Amino acid sequence: MYSTHLEIFKQIKGIGSASGIFTESNQLYIVGDNSAFLNKYNLSTDVLRKIQILLDEQLTKKENIPKPLKPDFEVLCHADNNLYILGSGSTPARNIMIKYELANGKVSQQSLSKTYAQMKQVSGINNENFNIEGAVFNGTNWLLFNRGNGDEAKNGIFSLLGNDLINATDIKFNTLQLPNINHVESSFTDATIIGNEIYFISTAEDTQSTYHDGEILGSFIGSIDAKTLKLNFSYKIPGQHKFEGITVYKQAKNKIEFLLCEDRDTDELNTTIYKLSLTL
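The paragraphs below set out a description of the structure included in this document. (Residues numbered from 1 in each chain as written. Predicted model: local features only at pLDDT ≥ 70, side-chain atom pairs only at ≥ 80, totals over all residues. Heavy atoms only, no water.)

## Observations concerning the overall build of the protein chain
Turning to step 1, where the next piece is worked out: Each helix and strand in the protein chain was counted, giving one helix and 22 strands.
Turning to step 2, where the next piece is worked out: In terms of overall size, the protein chain behaves like a compact globule, its C-alpha atoms giving a radius of gyration of 17 Å where 280 residues would be expected to give roughly 19 Å.
Turning to step 3, where the next piece is worked out: With respect to the principal axes defined by its C-alpha atoms, the protein chain has extents near 45 × 45 × 35 Å.
Turning to step 4, where the next piece is worked out: Within the protein chain, the proportion of its 280 residues that are buried is 57%. (Helix = DSSP H or I, 4+ residues; strand = E, 2+ residues; numbered from the N terminus. Rg over C-alpha atoms; globule rule 2.2 N^0.38 Å. Buried < 20%, exposed > 50% of the residue type's maximum accessible area, 1.4 Å probe, protein only.)

## Things to note about the pattern of salt bridges
Turning to step 1, where the next piece is worked out: Using the criterion set out here, one finds 11 salt bridges in the structure.
Turning to step 2, where the next piece is worked out: A salt bridge links Glu 244 to Lys 242, with the shortest nitrogen-to-oxygen separation between them at 3.5 Å. Considered together, Glu 244 and Lys 242 belong to a single accessibility category, that of buried residues.
Turning to step 3, where the next piece is worked out: Linked through salt bridges whose partners overlap, the residues forming this network are Glu 133, Arg 147, Glu 205, Lys 242 and Glu 244. (Salt bridge = Lys/Arg side-chain N within 4 Å of Asp/Glu carboxyl O.)

## A word on the environment of Asp 225
Turning to step 1, where the next piece is worked out: Tracing the backbone through its elements, the reader meets Asp 225 in strand β18 (residues 215-225).
Turning to step 2, where the next piece is worked out: Once the C-alpha coordinates of Asp 225 and Ile 85 are considered, the two residues, 140 residues apart in sequence, prove to be 24 Å apart.
Turning to step 3, where the next piece is worked out: The residues touching Asp 225, leaving out its near neighbours within four places in the chain, are Asn 196, Lys 230 and Asn 232.
Turning to step 4, where the next piece is worked out: At a separation of 2.8 Å, a polar atom in the side chain of Asp 225 contacts the main-chain amide nitrogen of Lys 227. (Contact = heavy atoms within 4.5 Å. Polar contact = N/O pair within 3.5 Å; in protein donor to acceptor, adjacent residues only side chain to side chain.)

## Here we look at the sheet that holds strand β16 (residues 187-194)
Turning to step 1, where the next piece is worked out: As summarised here, the arrangement of the four strands in space is β16-β17-β18-β19, forming an open sheet in which the pairing is antiparallel. Two strands close off the open sheet at either side, each with one partner strand: β16 and β19 (231-236). Ignoring which end each strand starts from, the neighbouring axes of this sheet average 20 degrees apart.
Turning to step 2, where the next piece is worked out: As defined by bridge partners, strand β17 (residues 197-206) adjoins β18 across 10 bridges and the pair is classed as antiparallel. Bridged to Phe 200 within β18 is Gly 222. (Pairing = 2+ DSSP bridges. Axes fitted to C-alpha atoms, helices over the stretch in contact; angles between N-to-C directions.)

## Comments concerning the sheet that holds strand β6 (residues 73-79)
Turning to step 1, where the next piece is worked out: Read from one edge of the open sheet, four strands run β6-β7-β8-β9, paired in antiparallel fashion. Either end of the sheet is taken by a strand with one partner, and the two such strands are β6 and β9 (107-111). The mean angle between the axes of side-by-side strands here comes to 20 degrees, regardless of whether they run parallel or antiparallel.
Turning to step 2, where the next piece is worked out: In terms of strand pairing, β6 meets strand β7 (residues 82-87) through six bridges, oriented antiparallel. Bridge pairing links Cys 77 to Tyr 84 in β7.

Written out as structure tokens, the structure is:
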């Protein structure tokens, strides 16, 4: 059995609606779901750098893009020395994929419309229930996590063979029931992979819409077997937070430290990063 401990790690001004997080070599990367920037924060110097990632002239240089137009970047994941930033796919405006190359800072943009359409067809998930909030690459497959906060509660994991998200053809979908709070089932908000184990976060939000927000009841951390996609365990995270991003910070023999970011659904450019310790 594990024990959990949550504490404030950093408070950063200049970032709002944090929805994805990744850390490497003392650098913290954070993306917001309504921002045209990738944020790069130096943990040693506390210096924040803004990297423009949107190429649309109407949306560039904006920290708070209006909800009908926002790209809804809910995924920030790492694979092959690149960062991949994915829109949720919950509206046609949210099908963008940004690739940021860590080696040289190159930014490129592509559309996931074709892949997302195939994922909906394979899973039988309609437009109102499709909402990608997490992704990991295990070396052979992409695993994308659908947040089941629509009226059909379709929590599940898409498996896409190969490393090419744009031209994926071999797609499978597995549903998964997640823990609940007051009979409100939690739904995926992000995931990260360590070896053969996927650590996920999920939030219980009292809504039946992938577009409109609801009352936040709390969040969980849990583990899924990366091969069988079966649930290993889940634990309630203290408090009533809407955690939307998770990354591995430090590992020891009997302890893993994660960094979590929280989307407070406001336009305020101020974010709190939390450290969650999982101890065996």
